[in-house]
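The chain contents come next:
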Amino acid sequence: MENSEYNDDPSEVYSFREGTPESLQLIEAEDCARFVYLKNNQFYAKGEIGAITSEEHDGATHYRVTIEEYDEIEPIALGAIENTLKTDFSDRNKITKINQEDYNTIVDDAKIQKEGPAYETVGDAYVDVRNRLQETNQEEWLIQQPADAVIGGWTDALEELEVEATLSWEAAAKLKQLVDLYKDFQPRLATLAVELRAGHLEDLSGSETLFVVLIRDLQQRCDFQMNFTAEKFKILNQGAYTIRFPDEGDTDPSETPSYIDPPEPPKEASRIERQLQKTKQLVFYGPPGTSKTYTAQRFAQWWVAQQDTIRATTDQIRTVTFHPSFSYEDFVEGLTAKSGADGSVEYSIQKGIFRDICEDAISAYEDSKSSKEVPRYVLIIDELNRGNLSQIFGELITILEADKRIDETNHTVTDLAHSGKPFSIPPNLYLIGTMNTADRSIALVDTAIRRRFRFLSFTPDYSLLLDKNGFDEDIDTAINALSPETELETALRALSILGIKQLNSRILESPDMDKGKQIGHTYLLNLEDETAIADTWQYEILPLLEEYYYSQFDRIREDLFAGEGEHLINWKTEEIRDFSPHELAIFLIKLTDQNIPELLRKQSSQINTNKHE
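Starting from 1, residues in each chain are numbered consecutively following that chain's sequence as written. In view of the model being predicted, local features appear only for residues whose pLDDT reaches at least 70, and side-chain atom pairs are presented and counted only at 80 or more, with totals across whole chains, interfaces and linings using the full set of residues. No hydrogens and no water enter the side-chain calculation; it runs on all heavy atoms of the structure.

Numbering of helices and strands runs from the N terminus, with a helix taken as a DSSP run of H or I at least four residues long and a strand as a DSSP run of E at least two residues long. Helix and strand counts for the protein come out as 19 helices and 19 strands. Out of the 613 residues in the protein, the part that is buried amounts to 44%. It only takes one pair of heavy atoms within 4.5 Å for two residues to be counted as in contact. Contacts in the protein between residues far apart in sequence, at least 24 positions, make up 63% of those at least 6 positions apart. With an accessible surface of roughly 32900 Å², the protein has 46% of that area assigned to carbon and sulfur atoms. Partly exposed describes any residue whose relative accessible area lies between the buried limit of under 20% and the exposed limit of over 50%, with all areas from a 1.4 Å probe on protein chains only and scaled to the type maximum. Exposure was quantified through the Shrake-Rupley algorithm and a 1.4 Å probe, taking into account, for residues, occlusion by the shown protein chains and nothing else.

Structure below.
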């Protein structure tokens, strides 16, 4: 490499690769050092000179210049550079500065790469690049990535391995790599065990013991759980397990996803889709019986199937229910203990449902990067507010946000609490939670969770009730159906809808109640006959009201029933009676203020007839 003559003139520009259109140059002054990258006499990059190391090579001193602050005006590669410099940089007290004008990009420890030699053969390239990697210690990360992938695969597969276990074919394939590795190196391992004078584990030879130890060492170096044991080695070596293939007739249906036959979309589909696309997380909240879970499942089945190039499977939708004892270990990952054959206790990482679906979604996302569409994955969390959300989500609360997902602008990686593995959430995973507001107010939900979810209110749908019960979504049609000639079943359907509507109106007017404690419409859906309607009131609706009012029957009688209800509730003993459909009809006629004395007399007459019979 040719070099210009050294000159003390601070305005002199020293070129270290003369005669080429692209050159690396250094401007040296008494208290200012500037590094610039020139191309066609224009600045393309500049930075501040940081660490400078030197070594003797071919009779000359070679300097490696590290650029600590680097401003890239146009993209160029980053890598290693060696230049032969006549300037003495041994004075580390010299002030190094750079005039960055309006730019202020900082790239820690970046190295500017100049154009290297042209190779004639791949052999020449291998030798030269290999030498450069060794000199700069840049090969470590390249080796580490596939090592992590392979050893991580072994570790995950070993979690499934136990005596007479049925392994997925993917896990079996990964474990076969371990068996083949041992067989290939068994002679060398045996020799090394003798040279080391190493001992052996019970029932294992010296070479087998050494192999187990070396694999555990690899797991530790890659920050994985050391779950390869003597017991697991024996199971592997003896083939004491079976393999479950996807096309086997006795495959567990729950583990073999089937294709989704999409239902009709719920009427809120477009609104739900718009909110999910924006934040990736959505909560359906409302009183009991307002179709929250049903809508979540129906929407998810419809939505994952609305992709032209992807045939959706049931594996893309998972459901979990939160409860007070549900934990981070259930949701993300936890430690599980197993007893070995020798009585020892082995601990391994057990994946939770969230980590499981995340990893599946990530695999689908990576496999589909070259495609126009990426498969959507949906996790439905039922009864979201019954769990301790801060404790269940843990460190994942931050990375739930849409812009912190993989490949997004603020992609964030966190380390999992137990395994220590780096973890990210893919952009094709969506969460739909449901909240029963009768249990707990939405205002009590953790602020961090509220900020990361959007909330969609579900209220009693009287139009749906009217339609499903044959009244054409028209309340007047239900009222007009009430006459002495009306069959009891039809009258009870109309009266029940009107009764639920009246009770909800009074609940909303009650000073210490709220809209979260209304009666949902699903209680009156899919009821076969008048007996089923009466049973729903006796065993579901009335106990729900008793719970809402904390068993204060006097308030139920006065605030809700306006003094009526003696056919349904024994006010003295404060117990719900065993009542007939006719007695329910009488109560509902009075509750809803329907001025139909003939119908009332008819139902009363029928009650008396039944008593005499």
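So much for the structure itself; the text now carries on.
Turning to the confidence of the model for the protein, a few remarks are in order. For every residue, the predictor reports its confidence as pLDDT, a number between 0 and 100. In this model, the protein carries a mean pLDDT of 75, and residues with pLDDT of at least 70 account for 71%. The lowest-confidence element of the protein is strand β1 (residues 14-15), averaging 28 in pLDDT; the highest-confidence one is strand β13 (residues 377-382), averaging 95. Low pLDDT, under 50, characterises residues 1-45; the predicted model gives this stretch 109 contacts beyond four residues in sequence or across chains. Counting interchain partners and residues more than four positions distant, the pLDDT-below-50 stretch residues 72-115 has 109 contacts.

Glancing now at the packing of aromatic side chains. For any pair of aromatic rings, the description rests on two quantities: the centre-to-centre distance and the angle between the ring planes. The aromatic pairing rule takes the rings of Phe, Tyr and Trp, using the six-membered ring of Trp, and pairs them if the centres are within 6.5 Å, calling planes under 30 degrees apart stacked, those over 60 edge-to-face and the rest tilted. Under the definition given, this model contains 19 aromatic pairs. Between F211 and F228 the ring centres are 6.1 Å apart and the planes differ by 90°, which places this aromatic pair in the edge-to-face class. With F211 in helix α4 (residues 206-221) and F228 in the loop between α4 and α5 (230-238), the pair connects residues that are 17 residues apart, well separated along the chain. Take F211 and F228: they sit in the same class, and that class is buried. Relative to F458, the ring of F284 lies with its centre 4.8 Å away and its plane at 35°, an arrangement referred to as tilted. In this pair, F284 sits in strand β9 (residues 281-286) while F458 sits in the loop between β17 (454-457) and α13 (462-468), placing the two residues 174 residues apart along the sequence. There is no split in this pair, since F284 and F458 are both buried.

To count toward a patch, a residue needs a relative accessible area over 30% and no salt bridge; like charges are then connected within 9 Å, while nonpolar side chains (Val, Leu, Ile, Met, Phe, Trp, Tyr) are connected within 5 Å. Salt bridge, as used here: a side-chain nitrogen of Lys or Arg that lies within 4 Å of a carboxyl oxygen of Asp or Glu. A cluster of nonpolar side chains, L335, V345 and Y347, forms an exposed patch at the surface whose accessible area comes to about 320 Å². When you line up the elements, L335 lands in strand β11 (residues 333-339).

So, on to the sheet that holds β13. The pairing criterion is simple: DSSP has to find at least two bridges between the two strands. Judged by pairing direction, the sheet is parallel, and its five strands sit side by side in the order β10-β13-β16-β9-β17 without closing on themselves. The outermost strands of the open sheet, each flanked by one partner alone, are β10 (317-321) and β17. Here the average twist between neighbouring strands, direction ignored, is 20°. Across six bridges, β9 lies against strand β16 (residues 429-436) in parallel orientation. Looking across to β16, one finds that L282 is bridged to I432. Axes here refer to lines fitted to C-alpha atoms; in helices the fit is confined to the stretch in contact. Angles between the N-to-C directions go from 0 to 180 degrees. Sheet strands in contact with helix α6 (residues 269-279) are β9, β16 and β17, and its direction is about 135° off that of β9. Against the sheet, helix α9 (residues 353-367) touches β10, β13 and β16, its axis set at about 165° to β13.

On to helix α16 (residues 530-548). Since the α-helix turns once every 3.6 residues, residues separated by three or four places project in the same direction. Residue count minus one, scaled by 1.5 Å, sets the expected span of a helix. Taking 1.5 Å of rise per residue, the 19 residues of α16 would be expected to cover 27 Å, and the 26 Å separating its terminal C-alpha atoms lies within 8% of that figure. At W537, α16 shows its maximal kink, close to 35°. Those residues of α16 not exposed but buried are A532, I533, A534, T536, W537, Q538, I541, L542, L544, L545 and Y548. Regarding α16, its N-cap is D529, as a side-chain oxygen of that residue lies 3.2 Å from the backbone nitrogen of T531 further along. Among the residues trailing α16, Y550 stands out with phi positive, at a value near 50°. Axes are fitted to the seven residues ending at a residue and to the seven starting at it; the angle between these axes is taken as the bend at that residue. Any pair of nitrogen or oxygen atoms within 3.5 Å is treated as a polar contact; in protein, a donor-acceptor pairing is required on top of that, and neighbouring residues in sequence qualify only through side-chain atoms on both sides.

Going through the model one piece at a time under the given rule, you end up with 20 salt bridges. For K176, the salt bridge identified is with D180, shortest N-O distance 2.8 Å. Pair noted here: K176 and D180 are both in helix α3 (residues 169-196), with a separation of four residues, about one helical turn. Among the ionic pairs, K267 bridges to D461, the shortest N-O distance being 2.9 Å. Here the residue K267 occupies a position in the loop between β8 (241-244) and α6, and D461 occupies one in the loop between β17 and α13, the gap between them amounting to 194 residues. With a relative accessible area of 66%, K267 lands in the exposed category. Here the salt bridges do not stand alone but share partners, grouping D156, E333, K351, R355, E359 and K421 into one network.

Another point: unusual backbone geometry. Its identity is not glycine, yet E383 carries a phi of approximately 55°, on the positive side. Topologically, E383 is positioned in the loop between β13 and α10 (389-393). In this structure E383 comes out as partly exposed when scored by relative accessible area, which is 21%. Within the chain, S551 stands out as a residue other than glycine whose phi angle is a positive 60°. One can find S551 in the loop between α16 and α17 (553-560). With relative accessibility at 36%, the residue S551 sits in the partly exposed group.

Charge assignment in this entry is limited to Lys and Arg as positive and Asp and Glu as negative, and neither His nor the chain termini are counted. Charge positions are represented by NZ for Lys, CZ for Arg, CG for Asp and CD for Glu. On the surface, a cluster of positive charge is made up of R271, R274, K278 and R454. In terms of residue count, the dominant contributor to the positive patch is α6 (three residues). For R271, the location among the structural elements is in helix α6. Overall, R271 belongs to the partly exposed group, its relative accessible area being 37%.

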